[in-house]
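Read off the chains here:
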Amino acid sequence: MKQISDFPKLSLGVLPTPLYKLENLSREYGKNIYIKRDDLTGVALGGNKTRKLEFLLADAQAKGVDVVLTAGGPQSNHAMLTAACASRLGMKAILVLKKRGELTGGNLILDEIYGADVRFVDTDTYDDVYAEMERIMDELRQQGHTPYFIPVGGSVPLGSLGYVNCAKEIAQQAEALGVQFTSMVSATGSGGTYAGLTYGAKLFLPGTRSVGVGVCDDPFEDIAAELMEGLQELMESDVAATREDIFMKFEIGPGYAIPSPEGCAAVRKLARSEGILVDPVYTGKALAGFFRLLDEGFFEGEENLLFVHTGGAGALFAVEMLPEE
Ligand SMILES: *Cc1c(COP(=O)(O)O)cnc(C)c1O
């Protein structure tokens, strides 16, 4: 079996991120509720994609890449962080974004600040976005460039390895604190974070159930299972994660990137109780799902729970919150 340290990795983030107890929420729910602050990964406004990019861009660098291409929605945190990290490494970033109406602000402001070349494809499907990326890459190769393709969310096994690494970090922090988490909850979009955390829990956090809260209606069980198989292969490991390791709940509301009353309530609740910001697209909905599971007794008999905050602050300045009820 390979160790994580056997893979080329850049040090892009400021790690480890803090992990500590949320006193007010713990009191309210009668459980020890902890938070892993991956909204503080240290690049741009923080967020989970930095950990994936540490491995993906190390691979790109080893291949002599000078242009990185990635895809996403118009407010993609992943695309923005790719632009931020690529620029620091002296690589150009081309962000091919799936257009949906006239969105401005938020991460699009940061994309410009980081010097990204942003292109919009007016479509509803990623097939069209990927076709356009193929076309751009052909063009770049003809001009003598070496492009590198990163799919939506950086969710390939090598990117997910960043979250296997995070699970290892959580294990070390839990040990230092003397706590054993029975469950950890995270937001799921393209699946790479959840796959990494869940496979990482198999390796480093035995006894910790990994619960994913889906914020878009993709078949996450299939995607996560496939990515975990990919991780096992990548790490040449005997440890297999199976369907039984996957606990996926959904908290989509009216649709991906459309604020829900529950998600907005969760944004306000965490801000006012603990001073921490989550966003209405990913982490607010994930937190709403976590609160729902707490209310439903899903964690019955469990004492120590962990919420993995994956970032997303940019959306707060691009997506309008629903008024307080
Ligand atoms: C991308 C993203 C997620 C989901 O991560 P995936 O690996 O795509 O499932 C969660 N939270 C935030 C803020 C994100 O940007």
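Relevant structure appears above.
Heads up: these notes are all about the structure in this document.

Parameters at a glance
Throughout this description, residue numbers start from 1 for each chain and increase along the sequence as written. Totals for whole chains, interfaces and linings use all residues, but because this is a predicted model, local features are given only for residues with pLDDT of at least 70 and pairs of side-chain atoms are given and counted only at 80 or more. By convention in this description, side-chain values take in all heavy atoms of the structure and omit both hydrogens and water. Put simply, DSSP marks the helices as runs of H or I at least four residues long and the strands as runs of E at least two long, and each gets a number from the N terminus on. In this scheme, a residue with accessible area under 20% of its type's maximum is buried, one over 50% is exposed, and one in between is partly exposed, where area comes from a 1.4 Å probe on protein chains only. Put simply, a residue is near a molecule or strand once any heavy atom of it comes within 4 Å of that molecule or strand. We define a polar contact as two N or O atoms separated by no more than 3.5 Å, with the added condition that, inside protein, one atom must be a possible hydrogen donor and the other a possible acceptor, whereas residues neighbouring each other in sequence contribute only through side-chain atom pairs. Exposure was quantified through the Shrake-Rupley algorithm and a 1.4 Å probe, taking into account, for residues, occlusion by the shown protein chains and nothing else. We call Asp, Glu, Lys and Arg charged. Ala, Val, Leu, Ile, Met, Phe, Trp, Tyr, Cys and Pro are nonpolar, and the rest, Gly among them, are polar. Note: two strands are recorded as paired if DSSP finds a minimum of 2 bridges between them. Axes, fitted as lines to C-alpha atoms, cover a helix only where it is in contact. Angles between the N-to-C directions of the axes lie from 0 to 180 degrees. Working rule for contacts: check all heavy atoms of both residues, and any pair within 4.5 Å makes them a contact. By convention a nonpolar core is built from buried Ala, Val, Leu, Ile, Met, Phe, Trp, Tyr and Cys residues, the set being connected through side-chain atoms within 4.5 Å.

### Structural notes on the environment of Asp238
Okay, step 1: Here Asp238 lies in the loop between helix H8 (220–234) and strand S9 (247–250).
Okay, step 2: In this structure Asp238 comes out as exposed when scored by relative accessible area, which is 76%.
Okay, step 3: Asp238 sits 37 residues away from Gly275 along the chain, and the two C-alpha atoms are 42 Å apart.

### A closer look at the site of the ligand
Okay, step 1: Within the structure, the ligand sits among 16 residues, and Lys49, Lys52, Ser190, Thr193 and Thr310 are positioned closest to it.
Okay, step 2: At 2.9 Å, a side-chain N or O of Lys49 approaches an oxygen atom of the ligand.
Okay, step 3: In this structure, an oxygen atom belonging to the ligand sits 2.6 Å away from a side-chain N or O atom of Lys52.
Okay, step 4: Notes on the ligand: free accessible area 380 Å², of which the protein chains cover 98%.
Okay, step 5: Sorting the residues of the shell around the ligand by element identifies helix H2 (49–62), strand S7 (183–188) and helix H7 (192–204) as the ones contributing at least two each.
Okay, step 6: Of the residues contributing to the shell around the ligand, the split by class is two nonpolar, 12 polar and two charged.

### Considering the sheet that holds strand S4 (residues 92–98)
Okay, step 1: Pairing in this open sheet of four strands is parallel, and the strands run S5-S4-S3-S6 from one edge to the other. Both outer strands of the open sheet, strand S5 (117–121) and strand S6 (147–150), are each paired with one neighbouring strand and no more. Mean inter-strand twist for the sheet, computed between neighbouring axes without regard to direction, equals 20°.
Okay, step 2: Summarising the sheet, strand S3 (residues 67–72) and S6 pair through four bridges and their orientation is parallel. Looking at S6, one finds that Thr70 is bridged to Ile150.
Okay, step 3: H2 contacts S3 and S6 of the sheet and is inclined by roughly 155° relative to S6.
Okay, step 4: Along the sheet, helix H3 (residues 77–88) contacts S3, S4 and S6; its crossing angle with S3, the most-contacted strand, is approximately 165°.

### Side note on the nonpolar core
One broad rule of soluble globular proteins: the nonpolar side chains tend to lie buried together.
Okay, step 1: Leu57, Leu161, Val164, Tyr199 and Met235 are the most contacted members of the largest nonpolar core, which totals 47 residues.
Okay, step 2: Secondary-structure elements contributing two or more residues to this core are H2, H3, S4, helix H4 (107–113), S6, helix H6 (157–177), H7 and H8.
Okay, step 3: The biggest single contributor to this core is H3, with seven residues.
Okay, step 4: Once residues within four sequence positions are removed from consideration, Leu161 is found in contact with Phe7, Phe55, Leu231, Leu234 and Met235.

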